[in-house]
Amino acid sequence: MKVNNDLKRLQDKISESKLSALEPFTNQAKFVGVGQGRFLTPREELSKISRNYTANNTFGDLIEIGNKNDLDKSLYKILYDQLEKLKPWRKGPFSLFGIHIDSEWKCHMKWARLIKQIRPLAGKRILDVGSGNGYFGFRMLEAGANLVIGLEPHLPYLSQFWAIKLFLPQTDNYVLPYRLEDVTTSSYCFDTVFSMGVIYHRRSPIDHILQLKKCLAPTGQLILETLFVDGPTGFCLMPRKNYARMNNVWFIPSRGTLEQWLARCGFNNINVLDTSTTTTLEQRKTKWMPFDSLGEGLDRSNNALTIEGYPSPRRIIIVASLNG
Ligand SMILES: C[S@@+](CC[C@H](N)C(=O)[O-])C[C@H]1O[C@@H](n2cnc3c(N)ncnc32)[C@H](O)[C@@H]1O
């Protein structure tokens, strides 16, 4: 079957660890039942060419899989067409057999802000909530992670991941088609839990933090990345409707509010690693994401404001753990 071997490999990995409570979510029938499994169609199309490649992969700032010489001209064209059909590519960049996918986000910029400051990932089992197409999961493997499990409910991003994964059968980065709240009917012991760019999309940020807590080993570390605004502790911005064109933003906390949310949910060792202003150097329209991007969400006459008149996007990375 389409993903049988991948799921089997994942099952073997989690059965020997403290993550076995995740086993029901690796069940093939449940997995391919999501969206009637249509997110796997591009992968099936690509499976026609996958047997011809030689794996030569590097998971640096650019996730590079294979070389151009690995594919003949006709196979290269099939791959190119399939990757084009998978647009928009929001997270990346990737290079597949010499096809450079210049994604909307230069994700390596976010990664560089945190990787040297968090607890080492070598040997760790990691949960990446809202993993998108799995870009950061590959970076976690580059840093030595033993296993990365992503959670991603958006089917087009799942399609991208599982198409890429076809070429990486020995790589322990997996993206499951579930929301965090779907899997937190049980508790888990991940060594590191990432939630990046998710909490402001949640209607209940406190529940999101409590669900993240349920996934973390007592000795583990949480990495939470979000939009934030200036303001006193207790303050957060709830947009009237849209924020920088996005219609799914609910709460943007101040730094103090975010720290307080974490503390009230039982986290300790709460430390801010980085704050940054998001610019069009990092997030912009490209050939592979041809739709509106950050530039269209900002006030043309004053980049400090969004088109709705709110403070323009700034992001914060914060770490926390459960033991004192
Ligand atoms: C803004 S993107 C961030 C992607 C990536 N983590 C990053 O930092 O660039 C937010 C992602 O979270 C996903 N997401 C939203 N709600 C979620 C939930 N309840 N559980 C898991 N993922 C969720 C979205 O589908 C989307 O891919």
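Residues numbered from 1 in each chain as written. Predicted model: local features only at pLDDT ≥ 70, side-chain atom pairs only at ≥ 80, totals over all residues.

S.K.: Could you give me a rundown of the nonpolar core, with the residues and numbers involved?
M.R.: Ile126, Val129, Phe190, Val193 and Leu222 are the most contacted members of the largest nonpolar core, which totals 86 residues. No other element matches strand E9 (residues 216–228), which puts 7 residues into this core. (Core = buried A, V, L, I, M, F, W, Y, C linked by C-beta atoms within 7 Å. Buried ≥ 20, exposed ≤ 12 C-beta atoms within 10 Å, placed from the backbone. Helix = DSSP H or I, 4+ residues; strand = E, 2+ residues; numbered from the N terminus.)

S.K.: Describe the site of the ligand, listing the residues and the values that go with them.
M.R.: Close to the ligand lie 18 residues; Gly130, His154, Arg179, Met196 and Gly197 are nearest. Tallied by class, the residues present in the shell around the ligand amount to 8 nonpolar, 6 polar and 4 charged. (Near = placed C-beta within 6 Å. Nonpolar A, V, L, I, M, F, W, Y, C, P; charged D, E, K, R; others polar.)

S.K.: Run through the sheet that holds strand E7 (residues 173–176), naming residues and quoting values.
M.R.: Spatial strand order, E7-E6-E5-E8-E9-E15-E12: 7 strands in an open sheet with mixed pairing. Of all the strands in the sheet, just E7 and strand E12 (268–277) have a single pairing partner and so form its edges. Averaged over all adjacent pairs, the angle separating strand axes in this sheet is 15°, with direction ignored. Contacts from helix H9 (residues 205–214) reach strand E5 (125–129), strand E8 (190–196) and E9, with the element oriented near 150° to E9. (Pairing = 2+ DSSP bridges. Axes fitted to C-alpha atoms, helices over the stretch in contact; angles between N-to-C directions. Contact = placed C-beta atoms within 7 Å.)

S.K.: Requested: an account of the sheet that holds strand E4 (residues 99–101), with residues and values cited.
M.R.: Sheet architecture is open: 4 strands sit in the order E1-E2-E3-E4, paired in mixed fashion. The sheet terminates laterally at strand E1 (57–59) and E4, the two strands that pair on one side only. Each adjacent strand pair in this sheet contributes to an overall mean axis angle of 10°, direction not counted. Sheet topology places strand E2 (residues 63–65) next to strand E3 (residues 94–96); 3 bridges connect them, and they run parallel. Bridge pairing links Ile65 to Leu96 in E3. Packing of helix H6 (residues 135–142) onto the sheet brings it into contact with E1 and E2, and relative to E1 it is tilted by some 95°.

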